[in-house]
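If you want the building blocks of each chain, they are given just below.
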Amino acid sequence: MIAISWDDSYSVHVESIDAQHKKMMRLINDLNRISDSGQDEGQLELALINLCDYTRKHFEYEESFLEKYHYPFYKSHQEKHAIFLKTIAQTKKDLLNAHGRHKKKKIDTIVFWLKNHIIKEDKQYVCFMLEHGIK
Ligand SMILES: [Fe+2]
Ligand SMILES: [Fe+2]
């Protein structure tokens, strides 16, 4: 099942960040598909590791971008990223001990958070970027 697909309304009007969000959506969908199909543990773990690693890189990039242009809510945005990275790291550990429905619930939480972050919270810096002509 597709958890999220790109829509131009999700654009933050910064080409490099849009490209990263598109890739994250592909990785989210991979994870969701593997989780739904009940494929083996190894596949699920690999998809989660791929998503985790890419998410961490993306957060670093996005934070350096926001800091560079003195985005006024940089700190709170960074904190949201940091909290989520802790959650995802804990989930990675928990997944090894979880079964069936519990496993699915944990994956769903990650998918929901990321989806919500990309389409709502990241959108909050768009006005600032547009007003300052940053692309
Ligand atoms: Fe982002
Ligand atoms: Fe973000």
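Analysis parameters
Residues numbered from 1 in each chain as written. Chains lettered and ligands numbered in written order. Predicted model: local features only at pLDDT ≥ 70, side-chain atom pairs only at ≥ 80, totals over all residues. Heavy atoms only, no water. Donors = N, O, S within 2.8 Å, 3.2 Å for Na, K, Ca; no water. Tetrahedral: all angles 85-135°; square planar, octahedral: opposite > 155°, others 65-115°. Helix = DSSP H or I, 4+ residues; strand = E, 2+ residues; numbered from the N terminus. Buried < 20%, exposed > 50% of the residue type's maximum accessible area, 1.4 Å probe, protein only. Core = buried A, V, L, I, M, F, W, Y, C linked by side-chain atoms within 4.5 Å. Contact = heavy atoms within 4.5 Å.

Chemist: In this structure, what is going on with the coordination of the iron ion (ligand 1)? I would like to understand it.
Modeler: When a metal carries six donors in an octahedron, the ideal angles between them are 90 or 180 degrees, while four donors in a tetrahedron ideally lie at 109.5 degrees. Taken together, the protein ligands of the iron ion (ligand 1) are His21 (NE2), His58 (NE2), Glu62 (OE) and Asp122 (OD), with distances of 2.0 to 2.2 Å. One can describe the donor arrangement at the iron ion (ligand 1) as irregular, given that its four donor atoms subtend angles of 82 to 171 degrees at the metal. Mapped onto the polypeptide sequence, the residues donating to the iron ion (ligand 1) form the spacing pattern H-x36-H-x3-E-x59-D. A separation of 3.5 Å is found between the iron ion (ligand 1) and the iron ion (ligand 2), both of which receive a donor from Glu62. Placement of the pair is Glu62 in helix 2 (residues 41-68) and Asp122 in the loop between helix 4 (100-121) and helix 5 (126-131), with a sequence separation of 60 residues. On the basis of relative accessibility, which here comes to 0%, the residue Asp122 falls in the buried class.

Chemist: What am I meant to see in the nonpolar core here?
Modeler: When a protein is soluble and globular, its nonpolar side chains tend to lie buried together. Among the nonpolar cores identified, the biggest contains 25 residues, and Ile28, Leu31, Leu51, Ile110 and Leu114 are the most heavily contacted of them. Those elements that place two or more of their residues in this core are helix 1 (15-37), helix 2, helix 3 (74-97) and helix 4. Tallying contributions element by element places helix 2 first for this core, with seven residues. Not counting residues within four places of it along the chain, the set of residues in contact with Leu51 comprises Met24, Leu27, Ile28, Leu31, Ile110 and Leu114. Core analysis: the second largest hydrophobic core is formed by 12 residues, Val12, Tyr71, Tyr74 and Met129 among them.

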